[in-house]
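Fold and contact review
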Amino acid sequence: MINNPPLKIGIASGKGGTGKTLLSTNLAAYLSQTQPTLLVDLDVEEPDDFLFVRGTTQSITDQYKMIPVWDEKACTLCGICSKTCKFHAVIQLGSIILVFKELCHSCYACSELCPAEALPMQKHKMGEIKTIISGNLTFIESRLNIGEEQAVPLIHQTHELAEKTHGNIPLQIFDCPPGTSCPVVASTRNVDFVVLVTEPTPFGLNDLKLAVETMKEIHKPVGVVINRYGIGNNEVEMYCQEAGIPVLAKIPYDRRIAELYSNGQLVYDKIEDMQTSLDNIIKAIQNVVRKN
Amino acid sequence: MKIAFTAAGTTWDSMIDPRFGRTEFFIVYNDETQETTVFDNSAVKNEAHGAGTATAQKIFEIKPDVLITGNGPGENAATALKQLDMKIFVNAHNMTIKEAYDNYKNGKLQPL
């Protein structure tokens, strides 16, 4: 095990609210019983894994992005900045240049192309990364400040920090944001395998298909976990069978799980079938990754 | 005086587009010259972010005295529009441009 590179697993989903947090926190806590495990919450717009991890805070670091700041005195009002900004984060209104820092992608184009050097880049705090230790489990939480619109830069910084400070932990689980857009791609970019959590409903199926297509585009092996199994219909299973996507586990629709979860409790140590599911998931992933 | 409407179409019978940043068109009526001008804003569809500020910049170039719209501009657009000396009336959705204009004339529109 020592010579093997770490196994990095992304937990994602097309649809929100399917059980990414349930699976991430329980899988991480369960695996940490036998070996050092890293859990990283990359759902930076609303991280919630912390509700299920109790430990000691090791560090909190402020995270910054660079934004242009208008120097009114130096500005010649040539308008190049507002025409350059693809994201409409810099606009010219008559004799005023307005910078919308939440919209800024820190590309430096306006700053570099300004002939009067009137848009120097400055640090702007966008969020925090917290590291918590709970026995064998290292938990990194990344949190974007309220009002910030760009999740991707913080997700990249979180990956970098996790790699630098805890990159040698053999098992690494990344709880990703929902959906199929840039934050998901940024979150799953470095992982070896992506677990897509879904529910057996038409909504779950629709968004699962989109997530599968996204992961195909970035060449990630995927497996599906069907949560709340027993509700809805069997279309998700039929789809996975036809598309040749392995169903790693089916977590039953069980009132006990909902009750424990809503009280901020882990379920793997209280519900027997859950451990079997988690074992199946990790074994299936290890088999696929080893083959590759 | 120039009155701008966020519009889902290009005529007086078109509905008000309730959105500011992502409005399809602006219809601008000059009540002194009785001229109507249409500005196409549909290119904003391709923007994932920054529609509000992009449209605010466009409105700044048109420089109307009054803006009549539906939901009202979002936070970023509102910040930009503060730089402009312009009265904004909201909640004109579900009206045609003509109905919104008549309601404005009769003082029945809600100022922002």
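None of these values were measured; they are calculated from a predicted model. (Residues numbered from 1 in each chain as written. Chains lettered and ligands numbered in written order. Predicted model: local features only at pLDDT ≥ 70, side-chain atom pairs only at ≥ 80, totals over all residues. Heavy atoms only, no water.)

1. Here's the deal with the sheet that holds strand β9 (residues 193–198) of chain A
Residue and element names in this part refer to chain A. Strand order in the open sheet formed by nine strands is β3-β6-β7-β2-β8-β1-β9-β10-β11, and the pairing between neighbours is mixed. The open sheet is flanked by β3 (56–68) and β11 (247–252), the only strands paired with a single partner. Taken pair by pair, the neighbouring strands of this sheet meet at an average axis angle of 20°, ignoring direction. Relative to strand β8 (residues 171–175), strand β2 (residues 37–41) is paired through five bridges, and the arrangement is parallel. (Pairing = 2+ DSSP bridges. Helix = DSSP H or I, 4+ residues; strand = E, 2+ residues; numbered from the N terminus. Axes fitted to C-alpha atoms, helices over the stretch in contact; angles between N-to-C directions.)

2. A word on the interface of chain B and chain A
Taken residue by residue, the interface counts twelve residues in chain B and 15 residues in chain A. Where chain B abuts chain A, roughly 1,200 Å² becomes buried across the two surfaces, and 62% of that area is made up of carbon and sulfur atoms. Together, B:H49, B:Q57 and B:N76 form the three largest contributors to the area buried by chain B at its contact with chain A, with a combined 42%. Here chain B and chain A share zero salt bridges between them. For the pair chain B and chain A, the number of links is three residue pairs in polar contact (both at pLDDT 80 or more). When residues of the side of chain B that touches chain A are traced back to their parent elements, those giving at least two are α1 (51–62) and α2 (75–81) of chain B. Take the side of chain B that touches chain A: its biggest share by element is five residues, from α1(B). Looking at the side of chain B that touches chain A residue by residue, the classes come out as four nonpolar, seven polar and one charged. (Contact = heavy atoms within 4.5 Å. Buried area = accessible area lost by both parts, 1.4 Å probe. Salt bridge = Lys/Arg side-chain N within 4 Å of Asp/Glu carboxyl O. Polar contact = N/O pair within 3.5 Å; in protein donor to acceptor, adjacent residues only side chain to side chain. Nonpolar A, V, L, I, M, F, W, Y, C, P; charged D, E, K, R; others polar.)

3. Considerations on the packing of aromatic side chains
Applying the stated criterion to the full structure yields eight aromatic pairs over all chains. Taking the centre distance of 5.1 Å and the plane angle of 80° together, the rings of B:W12 and B:Y29 count as edge-to-face. One end of the pair, B:W12, is in the loop between β1 (2–7) and β2 (25–30); the other, B:Y29, is in strand β2, with 17 residues separating them in the sequence. For B:W12, a relative accessible area of 27% translates into the label partly exposed. Measuring from ring centre to ring centre gives 5.7 Å for B:W12 and B:Y101, while their planes differ by 75°; the resulting arrangement is edge-to-face. Placement of B:W12 in the loop between β1 and β2 and of B:Y101 in helix α3 (residues 97–105) is noted, with a sequence separation of 89 residues between them. One aromatic cluster in this structure is built from B:F5, B:W12, B:Y29 and B:Y101. Its guanidinium or amino end placed over the ring of A:Y64, A:K123 lies 4.3 Å from that ring's centre, counting from NZ or CZ. (Phe/Tyr/Trp six-rings, centres within 6.5 Å; stacked < 30°, edge-to-face > 60°. Buried < 20%, exposed > 50% of the residue type's maximum accessible area, 1.4 Å probe, protein only. Lys NZ or Arg CZ within 6 Å of the ring centre and 35° of its normal.)

4. Here's the deal with the pattern of salt bridges
When the charged atoms of two side chains lie near each other, side chains of opposite charge can form a pair. Counted under the stated rule, the structure contains 15 salt bridges over all chains. A:R143 is the salt-bridge partner of A:E141, the closest N and O atoms lying 3.4 Å from each other. According to the relative accessible area criterion, A:E141 is buried, its value standing at 5%. In this structure, B:K45 and B:E24 form a salt bridge, with 3.8 Å as the shortest nitrogen-oxygen distance. With B:K45 in the loop between β3 (35–40) and α1 and B:E24 in the loop between β1 and β2, this pair connects stretches of sequence that are 21 residues apart. What makes B:K45 exposed here is its relative accessible area of 57%. Its relative accessible area of 22% is what places B:E24 among the partly exposed residues.

5. Description of the domain arrangement of chain A
Residue and element names in this part refer to chain A. Along its sequence, chain A is organised into domain 1 (7–52 + 128–291) and domain 2 (70–119). One C-alpha centre belongs to domain 1, the other to domain 2; they are set 39 Å apart. With four residues of domain 1 in contact, the opposing surface of domain 2 contributes four residues. Regarding the contact of domain 1 and domain 2, the summed buried area is about 380 Å², with carbon and sulfur atoms giving 48% of it. (Domains from an automatic or database assignment.)

6. Quick notes on the sheet that holds β2(B)
Residues and elements named next belong to chain B. Judged by pairing direction, the sheet is mixed, and its six strands sit side by side in the order β3-β2-β1-β4-β5-β6 without closing on themselves. Each edge of the open sheet is held by one strand with a lone partner, namely β3 and β6 (110–111). By the bridge criterion, six bridges tie β2 to β3 in an arrangement that is antiparallel. Looking at β3, one finds that V28 is bridged to T37. Along the sheet face, α1 touches β1, β2, β3 and β4 (66–68) and points at about 20° away from the line of β2. Sheet strands touched by α3: β1, β2, β4 and β5 (87–90). Its angle to β1, the strand with the most contacts, is close to 140°.

7. Overview of the environment of A:N263
Here A:N263 is to be found in the loop between α8 (255–262) and α9 (272–291). Put simply, A:N263 and A:L51 are 212 residues apart on the chain and 9.2 Å apart in space, counted from C-alpha to C-alpha.

8. A word on the state of the cysteines
As used in these notes, a disulfide is a covalent bond between sulfur atoms, one from each of two cysteines. Residues and elements named next belong to chain A. Considering all chains together, one arrives at zero disulfides over all chains under this definition. Lacking any disulfide linkage, C176 is separated from the closest cysteine sulfur, that of C182, by 14 Å. Of the residues examined, C176 reaches a relative accessible area of 0% and is grouped as buried. (Disulfide = S-S within 2.5 Å.)

9. Brief notes about the nonpolar core
Residues and elements named next belong to chain A. In this structure, I11, L23, V195, V225, L278, I281 and I285 are the most contacted members of the largest nonpolar core, which totals 36 residues. Contributing elements (two or more residues each) for this core: β1 (7–12), α1 (20–31), β7 (137–144), β8, β9, β11, α8 and α9. One finds I155, I169, A211 and M215 within the second-largest nonpolar core, a separate group that totals 34 residues. (Core = buried A, V, L, I, M, F, W, Y, C linked by side-chain atoms within 4.5 Å.)

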